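# Chains, contacts and geometry: an overview
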Amino acid sequence: MRNSLCRRTLPLLKQLCRPLLDSSSRSSTIRNVTYMPRPGDGTPRPVTLIPGDGIGPLVTGAVEQVMEAMHAPVYFERYDIHGDMKSVPTEVIDSIRKNKVCLKGGLITPVGGGVSSLNMQLRKELDLYASLVHCFNLPGLPTRHENVDIVVIRENTEGEYSGLEHEVVPGVVESLKVITKFCSERIAKYAFEYAYLNNRKKVTAVHKANIMKLADGLFLESCREVASKYPSIHYDEIIVDNCCMQLVSKPEQFDVMVTPNLYGNLVANTAAGIAGGTGVMPGGNVGSDHAVFEQGASAGNVGNLKVLEQKKANPVALLLSSAMMLRHLQFPSFADRLETAVKTVIKEGKYRTKDLGGVSTTQEVVDAVIANLD
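Read on for an overview of the structure. (Residues numbered from 1 in each chain as written. Predicted model: local features only at pLDDT ≥ 70, side-chain atom pairs only at ≥ 80, totals over all residues. Heavy atoms only, no water.)

Moving on, we get to a nonpolar patch on the surface. Among the surface-exposed residues, V168, V169 and V172 lie close enough to one another that they form a single nonpolar patch of about 230 Å² accessible area. Along the chain, V168 falls in strand β6 (residues 165-169). By relative accessible area, which is 49% here, V168 ends up partly exposed. (Patch = residues over 30% accessible without salt bridge, like charges linked within 9 Å, V, L, I, M, F, W, Y side chains within 5 Å. Areas by Shrake-Rupley, 256 points an atom, 1.4 Å probe, with all protein chains shown as cover. Salt bridge = Lys/Arg side-chain N within 4 Å of Asp/Glu carboxyl O. Helix = DSSP H or I, 4+ residues; strand = E, 2+ residues; numbered from the N terminus. Buried < 20%, exposed > 50% of the residue type's maximum accessible area, 1.4 Å probe, protein only.)

Pairing within the open sheet is mixed, and its 10 strands lie in the order β2-β1-β3-β12-β11-β4-β5-β10-β8-β9. Only two strands of the sheet have a single partner each, and these edge strands are β2 (74-78) and β9 (234-239). Each neighbouring strand pair of the sheet contributes to a mean axis angle of 25°, computed without reference to strand direction. When strand β1 (residues 45-50) meets β2, the two strands line up parallel, connected through 5 bridges. In the sheet register, R45 faces β2, and the bridge partner there is V74. Across the sheet, helix α7 (residues 240-249) touches β5 (149-155), β8 (202-207), β9 and β10 (256-259), and the angle it forms with β9 is around 105°. (Pairing = 2+ DSSP bridges. Axes fitted to C-alpha atoms, helices over the stretch in contact; angles between N-to-C directions. Contact = heavy atoms within 4.5 Å.)

Our next topic: the packing of aromatic side chains. Under the counting rule described, the total for this entry stands at 4 aromatic pairs. Their ring planes at 25° and their centres at 5.5 Å tell us that F192 and Y230 sit as a pair that is stacked. On the criterion of sequence distance, the pair formed by F192 in helix α5 (residues 181-197) and Y230 in the loop between α6 (215-227) and β9 is long-range, its members being 38 residues apart. Across the pair, Y230 and F192 agree in class, each one buried. Residues F192 and Y235 carry aromatic rings whose centres are separated by 6.0 Å and whose planes lie at 45° to one another, so their mutual orientation is tilted. Highlighted residues: F192 in helix α5 and Y235 in strand β9, separated in sequence by 43 residues. A relative accessible area of 0% means that F192 is categorised as buried. With a relative accessible area of 18%, Y235 lands in the buried category. Through pairs of rings, three or more aromatic residues link up here, namely F192, Y196, Y230 and Y235. (Phe/Tyr/Trp six-rings, centres within 6.5 Å; stacked < 30°, edge-to-face > 60°.)

So, on to unusual backbone geometry. One non-glycine residue, K100, lies in positive phi territory at about 75°. Assignment of secondary structure puts K100 in the loop between α3 (90-99) and β3 (101-104).

Time to look at the side chain of E155. Among the secondary structure elements, E155 is positioned in strand β5. It is R186 that comes nearest to the buried, bridge-free E155 among opposite-charge side chains, at 4.6 Å. For E155, the side chain forms a polar contact with the side chain of T157, separated by 2.6 Å. Contact partners of E155, with chain neighbours within four places excluded, come to Y129, C183, I187, T259, P260 and N261. (Lys, Arg positive; Asp, Glu negative; His and termini not counted. Polar contact = N/O pair within 3.5 Å; in protein donor to acceptor, adjacent residues only side chain to side chain.)

Note on placement: T353 falls in the loop between α11 (332-348) and α12 (362-371). Side chain to side chain, T353 and D355 meet in a polar contact 2.6 Å long. T353 has contacts with K312, A313, N314, P315, G358, S360, T361 and V365, leaving out every residue within four places of it along the chain.

This is the structure:
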């Protein structure tokens, strides 16, 4: 009797409970509204693409594959330029001015010989005054320090990178470091604005005003003036040599760092090394009207022929930079999907390039990212 009753009631109970089970399973996939677009915001956007030198075409090609797999609303206008050119072609500058956004692989900068850096030409021509590098721990990637989440914002147009050098007499070269109140104020404002909009709690100005009292003193004066307008954000200052020591011993104390040009280059690369290496750190250069996204810290392996021949360049940094680009273009859902897929691949640890302790090729990492796209 009991068995007969169970056979009759069990299907009924399943039928009654199915809506509850279905709603429970659906609730885990329901997405919250993250962005309410205006009509037409989904129109595919043109992006200027500069593959660059060495491994550049390999990692920019990785981004193209992932964007296509996601059906991301962007398309690329490709221009092949190389670091040994005398100048950036006019049509490339015109394309970035028109599109407002560029994705770039590494460009080799010749050492010495008086050849100008195309990277610097791009930044000056487009007034990309703020360089941003985000250095943070990726779950699953072992590092010496935990809880690292540092954003280095660096002035990008003056300082030691002004390129004002001349030979006074044979054997004596004078190189000018230029610091202006205008550029110092606007980079400080960008840093505090970034902190404010991204719920960051502290901005640290990096300087050497104990020695360069006028130049770095002007930079600090500008930072202090801007800091007074953001009372909710803690502001402090640190001398650059102490900053490097503190970075390698206790990096978790830093949040947003704002620096003049040369110091920012050194600090960003140090922070990147602490958090997992330059191969995984995203970044970009931004001005009032244009933005160029690229690997955050120095692409030191851009000309590594062995990595290029083996096709084992790490695409993670540029993939995460392209996610920053998608968010800049107001496509946050696509950015979230890409970042989540990349972080899943890193956490699982099965597909990693040599710099992260693995043996995978660039294409194997790309395939794994595509397989994990939600």
